[in-house]
Amino acid sequence: MKHITLCAALICAAHADAQNLFTSSFESWSGATPDGWVGDKTTLENDSIQQADQNIMFGSYAVRLVNTESGHKRFTTTQLTVEDGQAYNISFYARGAGEIRTGLFDGRSTGSGYATYNVYNVVNGSTWTPYTQQVVAANDTTGAEFILSVRNTMAGMGHLEVDSVRISLAVPTPPTDATIYDIQFTTDPNGDSPLLGTSVNTGGSVTAVASNGYWIQSGSGPWSGIFVFDFDHVPTRGDSLTLTGVVDEFNGLTELKTITNFSVVNNGNSVAPEWLATGDAGQEQWEGVLAQVTMADCTAPADGNGEWTVDDGTGPLQVNDVMYAFMPN
């Protein structure tokens, strides 16, 4: 019985190791830098990457990252192999004072090769605290670098110390079925979706197509439209779509990204525009919704970006030519 239990334990351990892409407790250093780190995308100066040796979480050493500026700087792994569509968990312990988030460079076709960064974790204390964030690769490459992005570290708290980093394959979470209304409706003052970061199955009719994606709408009224950031598929206005995507916030706008399971159900569908006052059209509830205003005066002519301002007396509304070419007069 003991022999069988031991074999089972060894099998489980081997399986767990197979799920780990990278581990580092900063025990091995070559000169002034830790082994496995300071990849090509690192922007921290060498003297801002320091060996810590007091009250360490595991082993004898940790790494201290120094960046007192408000702009972030990167501390990256050396090159690793990732697969398109695979999610990776980045886990670590941190203490001190500063802000830290995770990211990934995998040479993807967007974002200059970088994935969208995760939100910052605010670290403020002498106790080692565990953190885990997830990134999804969008390219098959042997040249990926995982990123710890830091800013606003404080000398009086020892800046930011990091220990026991583990990068592992994430177990996929099945997408959640959600309507566009489910994705868009929010009571949060900043307008963020309640499903931010969630993979969702959804659908709607295409109301407009741009060079970097398209808008879809399901039904009518507020919270019924959304932008889909997608270079891989080029639907036509009127197409009814179903798709799977990840809910994201970009420049204050809710969108879907990392699109899979794209399917055109049928064609030739029409969506009636919402008739709105110019003072109302900029409200969060109308984000992504096909809308139209009438009897509004152009109060500022088109600028170099093709944007102009109209006002029907209820308030100004900025308009541009992203979806439809139009020359105001």
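Scope of this entry: the structure provided in the associated data block. (Residues numbered from 1 in each chain as written. Predicted model: local features only at pLDDT ≥ 70, side-chain atom pairs only at ≥ 80, totals over all residues. Heavy atoms only, no water.)

### A closer look at the sheet that holds strand β21 (residues 308-311)
For step 1, the next point in the chain: Judged by pairing direction, the sheet is antiparallel, and its three strands sit side by side in the order β20-β21-β22 without closing on themselves. The sheet is open, and its two edges are formed by β20 (297-300) and β22 (316-319), each paired on a single side. Geometrically, the sheet is characterised by an average inter-axis angle of 40° between neighbouring strands, direction not taken into account.
For step 2, the next point in the chain: Relative to β21, β20 is paired through three bridges, and the arrangement is antiparallel. Following the sheet pairing, Asp 297 is matched in β21 by Asp 311. (Pairing = 2+ DSSP bridges. Helix = DSSP H or I, 4+ residues; strand = E, 2+ residues; numbered from the N terminus. Axes fitted to C-alpha atoms, helices over the stretch in contact; angles between N-to-C directions.)

### Regarding the packing of aromatic side chains
For step 1, the next point in the chain: For the structure shown, the criterion picks out 13 aromatic pairs.
For step 2, the next point in the chain: Aromatic side chains Tyr 214 and Phe 262 sit 6.3 Å apart centroid to centroid with 70° between the ring planes, which places their arrangement in the edge-to-face category. Residue Tyr 214 is located in strand β14 (residues 213-217), and its partner Phe 262 is located in strand β17 (residues 253-266); the two are separated by 48 residues in the primary sequence.
For step 3, the next point in the chain: Here the aromatic residues Phe 22, Phe 26, Trp 37 and Phe 75 are joined through ring pairs into a cluster of three or more.
For step 4, the next point in the chain: Here Lys 41 stacks its cationic end above the ring of Phe 105, 4.3 Å away from the centre of that ring.
For step 5, the next point in the chain: The cationic tip of Arg 101 hangs over the ring face of Tyr 117; the distance from NZ or CZ to the ring centre is 4.0 Å. (Phe/Tyr/Trp six-rings, centres within 6.5 Å; stacked < 30°, edge-to-face > 60°. Lys NZ or Arg CZ within 6 Å of the ring centre and 35° of its normal.)

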